[in-house]
Amino acid sequence: MIAELQLDLARMRAVRVSAGPVRMGRVVACDGGLIEVAGLPLPIGSLGAIETSADGVGGAECLAEVIGFRAGHSLMMLLGDTVLLHPQAVVRAVGQPGEVRVGKALLGRAVDGLGEPIDGGPRLDLPHGWPLGGKRESALERASVAEPFDCGIRAINALATMGVGQRLGIMAGSGVGKSVLIDTIAGHAEADVTVVALIGERAREVSDFVSRHMGQARRGAMVVVAVPADHAPNLRLRAAQYASAIAEFFRDQGKRVLLILDSLTRVAHAARELALMLGEPGAARGYPPSALAAITRLVERAGNSARTGGAVTGIYTVLADGDDASDPVVDTARAIMDGHILLSRSLAERGHYPAIDVPASLSRVMDDLVTPEQASAARALRALIAAREQNRDLVMMGAYRAGSDRLLDEALRQSAAIDTFLTQPRGAAHSLAASTAALNELMESHNA
């Protein structure tokens, strides 16, 4: 207890106290979660502390974020519930506008979208500030993807090889295995620092993930930023931006960072709620343009840095509402990313894990990362898998006669070996070298 107080006193001594006046305003309206504050002109993205009490006298405070302004009033949204909020409540500005606190103390910890611990550990000493929206770099400051990335999934390593600094989307409907797949990647991928953002997930899943990964040897190289589904939309969006800021901070130090964001669709849902609340009209299936633009801004923050030599390899899950591959969020993400992994519900229903639809999945940087021999072997195996899946119904009905299609005959002959190659037990990992060797062995028997 004494050590904790001494740490707090040390933090207080290190804080520079402003001698200027404290800017304050008052709540003049609250409508549907949107709060109007008079007398406190703050930039968008700033935080304010609103006084709350049961009798209107004052005491406790709750945080809110500026999301817009109208007729001289700041429009704010609480980063929590509107409990005990009353008219003319005092609002004061807190923190630096548009800036979040980052530091090495985040390693091994689980925090919320405001950087507050949720793992029961001590308060964090974060000495560095970083822009919440990131530091924009020119296109020429981004280095090319030139080195393969080992994600631990054999089907991806061999047939859709990732690169360090790549942005990859994992796309599927609900309940097809996205969370299990990224759980395996988070536990086995090779990276100096792993930042995992769990946005809009069930609280149980957040608790399970933290208990699985924070007790292992990789704990000191992992940061978890989690905001469950029952929290305010601006806090969910802020958590995704905060996770990206943490990844950028470690990349600026020359680290190779793996950023996993689950899920990008729920970030878009949060941005949609904010945009509609501010009166922006819905466009593509109810998504305002700013909601889809938020996806692009988040994804573009990953990549390699030519200046520091660091890298942020981004893996983003995308929930296809109703298994619709033409959903606006899926389309936007697929267009901006360097590749995508599509999970198939039919494969999942057959107990095929991971349920990767190989012919529909691709890595746009694979040909620059692997040898011509591996690229040729991957294309040949893709052709066999595509031939088998396209004619599956015909074969199951007994309507196919052997000898009609040489490629399909070969696919059926090696069907068991192909399934063995594509599947792996949950939680198990296969290295990049082992995945390539298994691919070459399988295709050697095909060519024999």
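To keep things clear, this report deals only with the structure shown in the data block. Keep in mind the model is a prediction, meaning the values are calculated, not measured.

1. Notes on the sheet that holds strand β6 (residues 90-94)
- With antiparallel pairing, the six strands of this closed barrel are ordered in space as β1-β2-β5-β4-β3-β6. When strand polarity is set aside, the average angle formed by the axes of neighbouring strands in this sheet is 45°.
- Note: strand β3 (residues 47-52) against strand β4 (residues 60-70), six bridges, orientation antiparallel. The residue bridging isoleucine 50 from the neighbouring strand is cysteine 62, located in β4.
- Against the sheet, helix α5 (residues 233-252) contacts β3, β4 and β5 (73-78), and its axis sits at roughly 85° relative to β5.

2. Some points on the environment of alanine 93
- Considering the arrangement of structural elements, one finds alanine 93 in strand β6.
- When the C-alpha positions of alanine 93 and cysteine 30 are compared, they lie 18 Å apart, and in sequence the two are 63 residues distant.
- For alanine 93, the contacting residues outside a window of four places in its chain are Arg23, Leu40, Leu42, Leu47 and Gly48.

3. Side note on the side chain of aspartate 150
- Here aspartate 150 shows up in the loop between β11 (148-149) and α2 (154-159).
- Of note is the side chain of aspartate 150, whose polar atom sits 3.1 Å from the backbone nitrogen of glycine 152.
- There is a polar contact of 3.0 Å between the side chain of aspartate 150 and the side chain of asparagine 157.
- Excluding residues that lie within four positions of it along the chain, aspartate 150 makes contacts with Asn157, Ala189, Glu190, His430, Ser431 and Leu432.

4. Here's the deal with the pattern of salt bridges
- In the structure shown here, the tally under the stated rule is 19 salt bridges.
- Of the charged contacts, one joins glutamate 99 and arginine 101 as a salt bridge, the two residues approaching to 3.3 Å between their closest N and O atoms.
- Several salt bridges converge on common partners, so that one network encompasses Arg350, Arg388, Glu389 and Asp419.

5. Quick word on the pairing of strand β15 (residues 222-227)
- Buried residues dominate β15, accounting for six of its six residues.
- Burial along β15 is two-sided: Met222, Val224 and Ala226 facing one way and Val223, Val225 and Val227 facing the other are all buried.
- As defined by bridge partners, strand β8 (residues 109-111) adjoins β15 across three bridges and the pair is classed as parallel. Its bridge partner being in β15, arginine 109 is matched across the sheet by valine 223.
- Judged from the six bridges that link them, strand β14 (residues 193-199) and β15 form a sheet pairing that is parallel. Residue pairing in the sheet places alanine 197 in a bridge with valine 225 of β15.

6. As for the packing of aromatic side chains
- Applying the stated criterion to the full structure yields two aromatic pairs.
- Aromatic pair tryptophan 130 and phenylalanine 249: ring centres 6.3 Å apart, planes at 80°, arrangement edge-to-face. A residue pair is termed long-range when its members are at least 10 positions apart, and tryptophan 130 in strand β9 (residues 128-131) and phenylalanine 249 in helix α5 qualify at 119 residues. Taken as a pair, tryptophan 130 and phenylalanine 249 share a single burial class, namely buried.
- Aromatic side chains phenylalanine 249 and phenylalanine 250 sit 5.1 Å apart centroid to centroid with 70° between the ring planes, which places their arrangement in the edge-to-face category. Phenylalanine 250 matches phenylalanine 249 in its accessibility class, with the two residues each being buried.

7. Quick word on the side chain of lysine 178
- One can find lysine 178 in helix α3 (residues 178-188).
- With no salt bridge to any partner, buried lysine 178 finds its closest opposite charge in aspartate 262, at an N-O distance of 6.2 Å.
- Within the structure, lysine 178 has its side chain in polar contact with the backbone oxygen of glycine 173 (distance 3.1 Å).
- Those residues within four positions of lysine 178 in sequence are excluded, and the remaining contacts are Ile170, Ala172, Gly173, Thr317, Val318, Leu319 and Leu343.

About the criteria used
Residues numbered from 1 in each chain as written. Predicted model: local features only at pLDDT ≥ 70, side-chain atom pairs only at ≥ 80, totals over all residues. Heavy atoms only, no water. Pairing = 2+ DSSP bridges. Helix = DSSP H or I, 4+ residues; strand = E, 2+ residues; numbered from the N terminus. Axes fitted to C-alpha atoms, helices over the stretch in contact; angles between N-to-C directions. Contact = heavy atoms within 4.5 Å. Polar contact = N/O pair within 3.5 Å; in protein donor to acceptor, adjacent residues only side chain to side chain. Salt bridge = Lys/Arg side-chain N within 4 Å of Asp/Glu carboxyl O. Buried < 20%, exposed > 50% of the residue type's maximum accessible area, 1.4 Å probe, protein only. Phe/Tyr/Trp six-rings, centres within 6.5 Å; stacked < 30°, edge-to-face > 60°. Lys, Arg positive; Asp, Glu negative; His and termini not counted.

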